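Summary of structural features
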Amino acid sequence: MYFILIISFFIAALITYLFQLLLFQFETRIKLLLNSLDTSLFIWLVTLFSYTNVLGHSIAFEQPVDRLTYFLTLFTTTIVVLLLKGYYKVKRKQTEQPNTKSRFLIKDYFFLFIYALIIFFSTLLYSSSVWLINLFGPVSVEQLLYNVQNLSGSSNEQVFSYINGPLMLTIFITYLFMKIYVFSPRPLINLKSNNKFYTIISKCLPLVLILLVLSSSIFLSLNQVGIAQVKLYFQKSNFLEVEYADPNNVQLQFPEKKRNLIYIFVESFESSYTDNLSGGTQKHNLLEDLTVLLGDDAINFSNTEGIGGALQVPGAEYTAAGIVSQTSGMPLKVPSGFAKPSNVVGFDIENNFGMDENYTSGESSYLPGLTSIGDILQKKGYNQTFVMGSDATFGGRRSYLTQHGNYDILDTIEAKNRGYIPEDYKVWWGYEDTKLFDFSKTELASLSKQEAPFNLTLLTADTHFPDGLLTEDTPTPYDNQYANVISYTSKQIADFLIWCRQQDFYENTTIVISGDHLTMDQKFVADFPKNYERTIFNMFVNAPITTENSKNRTFTSMDMFPTTLASLNVAIPGDRLGIGTNLFSDRITIAETHSIETLRENLTQKSEFYEKNILQEALPAKSSSSTTAIEGGSSSSAAEEAKSDSQAQTSVETETAEEIPSVADTEEVRTGLEISTKIGLQQPIAGVLQ
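Residues numbered from 1 in each chain as written. Predicted model: local features only at pLDDT ≥ 70, side-chain atom pairs only at ≥ 80, totals over all residues. Heavy atoms only, no water.

Quick look at the overall build of the protein
Condition: Only DSSP runs of H or I covering at least 4 residues are called helices, and only runs of E covering at least 2 are called strands; the numbering of each starts at the N terminus. Under the scheme applied here, a residue whose accessible area is under 20% of the maximum for its type counts as buried, over 50% as exposed, and between as partly exposed, the area being computed with a 1.4 Å probe on protein chains only. Note on contacts: a residue pair is in contact if any heavy atoms of the two residues lie within 4.5 Å. Note on areas: Shrake-Rupley, 1.4 Å probe, and residue coverage restricted to the protein chains presented here.
Within the protein one finds 23 helices and twelve strands. Among the 690 residues that make up the protein, the fraction classed as buried is 53%. The contacts of the protein with a sequence gap of at least 6 include a subset with a gap of at least 24, amounting to 75%. Total accessible area on the protein stands at roughly 31,900 Å², and carbon and sulfur atoms take up 57% of it.

So, the nonpolar core
Where we set the bar: As used here, the term nonpolar core means buried Ala, Val, Leu, Ile, Met, Phe, Trp, Tyr and Cys residues forming a set that is joined through side-chain atoms within 4.5 Å.
Judged by nonpolar contacts, the single largest core of 65 residues is most densely connected at Leu-252, Leu-332, Leu-367 and Leu-565. Counting residues in each nonpolar core, the second largest holds 44 residues, with Leu-444, Tyr-482, Ala-483 and Cys-500 among its members.

A closer look at the pairing of strand β7 (residues 454–459)
Inclusion rule: Two strands form a pair only when DSSP identifies at least two bridges running between them.
Within β7, six of the six residues are buried, which leaves the element mostly enclosed by the surrounding structure. Because side chains alternate across β7, one face comprises the buried residues Phe-454, Leu-456 and Leu-458, and the other comprises Asn-455, Thr-457 and Leu-459, equally buried. Here strand β2 (residues 260–266) pairs with β7 via five bridges, running parallel. In the strand pairing of β7, Ile-262 is matched with Leu-456.

With respect to empty space enclosed by the protein
The condition that has to hold: Definitions used for this entry: grid spacing 1 Å over protein atoms alone; cavity, a set of points where a 1.4 Å probe fits but cannot get out; pocket, an open set with protein on both sides within 12 Å along at least 5 of 7 lines; lining residue, one with an atom within 4 Å of a point. Grid points are joined across faces, edges and corners, and a volume is the space filled by probe spheres set on the points. Asp, Glu, Lys and Arg are counted as charged, while Ala, Val, Leu, Ile, Met, Phe, Trp, Tyr, Cys and Pro are counted as nonpolar; the rest, among them Gly, fall into the polar class.
Following the criterion strictly, the structure yields four cavities of 30 Å³ or more and no others. Here the largest cavity defines a volume of roughly 80 Å³. For the largest cavity, the lining is made up of 14 residues, of which Tyr-263, Thr-327, Ile-373, Tyr-407 and Thr-457 are closest to its centre. Broken down by secondary-structure element, the contributors of at least two residues to the lining of the largest cavity are β2, α11 (319–328), β7 and α18 (560–567). The residue makeup of the lining of the largest cavity, split by class, is nine nonpolar, five polar and no charged.

Overview of the pairing of strand β5 (residues 383–388)
The test is simple: Seen with its strands pointing away from the viewer, a crossover is right-handed when the path leading from the first strand over the helix to the second is clockwise.
β5 sits mainly inside the fold: five of its six residues count as buried. Examined bridge by bridge, β5 and β7 share six bridges and lie parallel to one another. Across the sheet, residue Gln-384 finds its bridge partner in β7, namely Asn-455. Bridging between β5 and strand β6 (residues 408–410) involves three bridges; their strand directions are parallel. Within β6, the residue paired with Phe-386 across the bridge is Ile-409. In this fold, the crossover linking β5 to β6 by way of helix α13 (residues 397–403) has right-handed handedness.

Observations concerning α11
A large share of α11 lies buried, amounting to ten of its ten residues. Along α11, the residues classified as buried are Thr-319, Ala-320, Ala-321, Gly-322, Ile-323, Val-324, Ser-325, Gln-326, Thr-327 and Ser-328. Just downstream of α11, Gly-329 is the residue with a positive phi angle, here 75°.

Focus: the packing of helix α15 (residues 433–447) against helix α16 (residues 481–501)
The test is simple: Between N-to-C directions, angles span 0 to 180 degrees; the directions come from axes that are lines fitted to C-alpha atoms, helices contributing only their stretch in contact. The cut-offs work like this: below 35 degrees is roughly parallel, past 145 is roughly antiparallel, 65 to 115 is roughly perpendicular, and the gaps in between are oblique. Take the far helix as the reference: if the near one is turned anticlockwise from it by less than a right angle, the crossing is left-handed, and if turned clockwise, right-handed.
Relative to each other, α15 and α16 sit at 15°, their axes nearing to 11 Å. When the axis of α15 is compared with that of α16, the two are roughly parallel. In terms of crossing hand, the pair formed by α15 and α16 is right-handed. Of the residues in α16, those touching α15 at Asp-433, Thr-434, Phe-437, Ser-440, Lys-441 and Leu-444 are Tyr-488, Thr-489, Gln-492, Ile-493, Phe-496, Trp-499 and Cys-500. A class-by-class count of the residues in the contact of α15 with α16 yields seven nonpolar, four polar and two charged.

Comments concerning the packing of aromatic side chains
Heads up, the condition is: In this analysis, rings of Phe, Tyr and Trp, with Trp reduced to its six-membered ring, are considered paired at centre separations within 6.5 Å, and the interplanar angle assigns stacked below 30 degrees, edge-to-face beyond 60, and tilted for intermediate values.
A complete count under the given rule lists 25 aromatic pairs for this structure. For the pair Phe-386 and Tyr-407, a centre-to-centre distance of 6.1 Å together with 75° between the ring planes defines the contact as edge-to-face. Linking Phe-386 in strand β5 with Tyr-407 in the loop between α13 and β6, this pair joins segments that are 21 residues apart in sequence. A ring pair is formed by Phe-528 and Tyr-532, whose centres lie 6.4 Å apart and whose planes are at 80°; its orientation type is edge-to-face. With relative accessibility at 9%, the residue Phe-528 sits in the buried group.

Here we look at the pattern of salt bridges
What counts is decided by this rule: The working definition used for a salt bridge is a side-chain nitrogen of Lys or Arg within 4 Å of a carboxyl oxygen of Asp or Glu.
In this structure the tally under the stated criterion is 13 salt bridges. Residues Arg-418 and Glu-414 are paired through a salt bridge, measuring 3.0 Å at the closest nitrogen-oxygen approach. Taking relative accessible area as the criterion, Arg-418 reaches 33% and is therefore assigned partly exposed. Linking Glu-432 and Lys-435 is a salt bridge whose minimum nitrogen-to-oxygen distance equals 3.1 Å. Of the residues examined, Glu-432 reaches a relative accessible area of 11% and is grouped as buried. A single network of salt bridges, built from pairs that share partners, joins Asp-391, Arg-398 and Asp-411.

Considering the confidence of the model for the protein
Operational definition: Think of pLDDT as the predictor's per-residue confidence, scored from 0 to 100.
Of all residues in the protein, 74% have pLDDT values of 70 or greater, and the mean over the chain is 79. Considering only residues more than four positions removed or in separate chains, one finds that residues 338–359, a stretch of pLDDT under 50, has 57 contacts. Within the model, pLDDT remains below 50 along residues 618–690, and this stretch shows 147 contacts once partners closer than five positions in the same chain are excluded.

Notes on unusual backbone geometry
Of note, the bond from Phe-465 into Pro-466 is cis; its omega dihedral lies within 30 degrees of zero at -5°. Mapped onto the secondary structure, Pro-466 falls in the loop between β7 and α16. One non-glycine residue, Ser-268, lies in the positive phi region at around 55°. Structurally, Ser-268 can be placed in the loop between β2 and α10 (288–291). A positive phi angle, near 70°, is found at Asn-569, a position not held by glycine. With respect to the helices, strands and loops of the structure, Asn-569 is situated in the loop between α18 and β10 (576–577).

Considering α15
Basically, it comes down to this: For a helix, the expected span equals 1.5 Å multiplied by the number of residues minus one. Note that the arc is computed from the directions linking the helix axis to the C-beta atoms.
Taking 1.5 Å of rise per residue, the 15 residues of α15 would be expected to cover 21 Å, and the 20 Å separating its terminal C-alpha atoms lies within 8% of that figure. For α15, the full list of buried residues reads Asp-433, Leu-436, Phe-437, Phe-439, Ser-440, Glu-443, Leu-444 and Leu-447. Mapping the buried residues of α15 onto a view down its axis gives an arc of 165°, with all of them on the same face. For α15, the elements touching its buried residues are β2, β5, β6, α14 (412–417), β7 and α16.

So, the environment of Val-292
With respect to the helices and strands, Val-292 occurs in the loop between α10 and β3 (298–299). The exposure class assigned to Val-292 is exposed, which follows from its relative accessible area of 59%. Note: C-alpha distance between Val-292 and Ala-494 (202 residues apart in sequence) is 9.3 Å.

Shown next, in the form of C-alpha cells:
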C-alpha cells in the first residue's frame, strides 16, 4: 500500500514538472520545482479523495483491479488539473496588470496555520462521528473511551475504512481550504469603511466564522453520539454501590463432583435471527440448527414467550464488555479523570485505561477488585482454556483472562507457536471458526483426560460485521451474505454440540451458548421493525437443574454470571452475584426490580464506587452507615448477607475463607418500602429482599 501511494505521488510530480517545464516560464528552477510539488500534492489528494469517497474503493489495494483503478484515477485527475491550471495561467496572463500581485505576509501564514488546524479538527470530528454511527450503530461514551485506549490488534478492515472515509475527507477539505485561502485576496473579508468598528469586524469576522465552524462540528458530533447520553455520562450514580453483591462475601457451595463447563461466546449472536413465529425478525429461522435442539436438556431464557434473550445495557455492548459482564456480573467501565477524591486514602486510578498504561499490554491491573467466574473456578482447581480465532491482545482480553483465572489462551499467536497454522496465516481476524471448533475438540480431548474439572471457553468471529466471513464451506441458501454466515455458524455450533454429546465427558459437562453482544452490522438490522427489542441469544445445554420461569424475563448479560455457576450445580445463597441474578431461581432480576430504562441510565452514569473498588483494590470492609440510597435503585443486594449458611449439606462443598477471601460486611437489610421512600420511586419495591 505505502509503495503504491509513494510511487503515485512521484508519478504525479514528474508529469507536473515536465508539463510546466515545457509550457510555462519560471524565474528559477527552484520555483518550478516547488510549484510542481505543490500542484502534484493537490493532484494526489484529489485522486485519493475521488478513489475512496467518490468511487468507494479502499487504499488497501487488495485486488489488482483496485490498483489499476487507482492509477487510472490518478492519470485522469492529473490531466484535468493540469489543463485547468494551463487555462488559468493563460487567462491570468492576459488580464494581469503590473504590480497587482498580492503579498502573503508572515501573519497570513500564522492565521493560515490556525484556521487550517481548526478546519482539520472540525471536519475530522464530525466526519468521524458520522462514520462511527453508520458503521457501528449507537455507541456509548464508555465504549468509545475503552476502544480508543485499547487499539492493539484492531481489524485492518476497520482501520482502512476510517482512513478511506473521515481521514481522507478531512485532509482533502483542509488542503482545499488552504489553497482557497492562499489565492483569495487579503483580508479574506473586507468591509471598506472609515469606521473603526467596521474595521475591527473586518479583521475578526474570519476568526469568528472559523470558530463557529468548530463549535458547530462539536455540537453536531455530540448529536450523532447522543447529547442525552453524553450528559448522563457526566452525572454520578451510586446504583452499583447499593446493588453490588460481592462474590467474596457469598459462600458458594460446589457439588462434591464438580461439573465441567464449555462456554461459547458467539460473535454478534442475536435472538432476532430466528423467524417471526419463533420471536425473531427473519423470514427463515437462521438459527434453526440450534433452536431445534431446545428441549429436554437445552433451555433458552427469553424476554418473550418465544425465543429471546438478554437485553443489552451500557458496559456490555462490545466484545470485551460482553466477556467481562457475562463472567463477572458487572459492566465494563472506564475511569474518569475527576473521580479521584482528595480525602480518600489509597484511591489511585493512574495505572488504568490509558492514564499511564492501558489494559492491552498486560502490565496494568485489569479490574483488580473484580471477582469473575475464572477466579472462582481457578480456586476450585479447574483447568481453564480460552480459544479464540483472533489476537487475544485486542481489547485487553489477554490481560483480563490472564489476571482473572490464569487461562491458557489459544489465540492466533499461540496457534502459530504450536504449528496449528502457518506463520503468515491470516483469515478474517486470525483464523476462521472451522479451525476454532477443530482446535477446541483437540483441547477437550486433552482436558477431559485430566483428573481436574475443566472450563473451556470459545469466542467465535465469523459473524463479525460487516457481512461476516463467507468461506468456501459456507452454504449460500439466502441472498444475503450475513444471513448465510449466521446460518452456517448456527450449524457449526450445533455440530459441535452433537460431537460433545458423543464424548464421555458430556454427562458431567454443562454447555452455555451466548452472543457476546448485539450485532453492529447496520445494513442487516436496517429493516428490523422499529419497535422490536433486539436481544442477545443464550442457550444452556445439559444443566443438572431446570426452571419453569424461563420465559418473559427481563434480564441482561450480567445475569449470565450467577446463572452459569448455578448450571454447574453450584448453590448460591441469595442467588445474586455482582449485579446479576441466577435465572434458574425464583428471584427477580435487577432489571425486573426497577426497569430496563432505569438500569441503562444508571449504568451510563459514572460510579465512584466502581472506580474505587473495581478498577482498583478489592472492596474494603463496610459499615451499616456506608450504605446509601440511589436514584431509581434499591438495596436488593443486602439480602445476600442475611442468608444463613446453614443450607449447606454434606453432599456439597462449602467455599471457605481460605479459598475465596471474604471481607466482613455488616450492611443492615432495609425494606423495599424504606428504599423507595428515600429514592423517590413512585411505587414501593415489594418482594425484593428475601
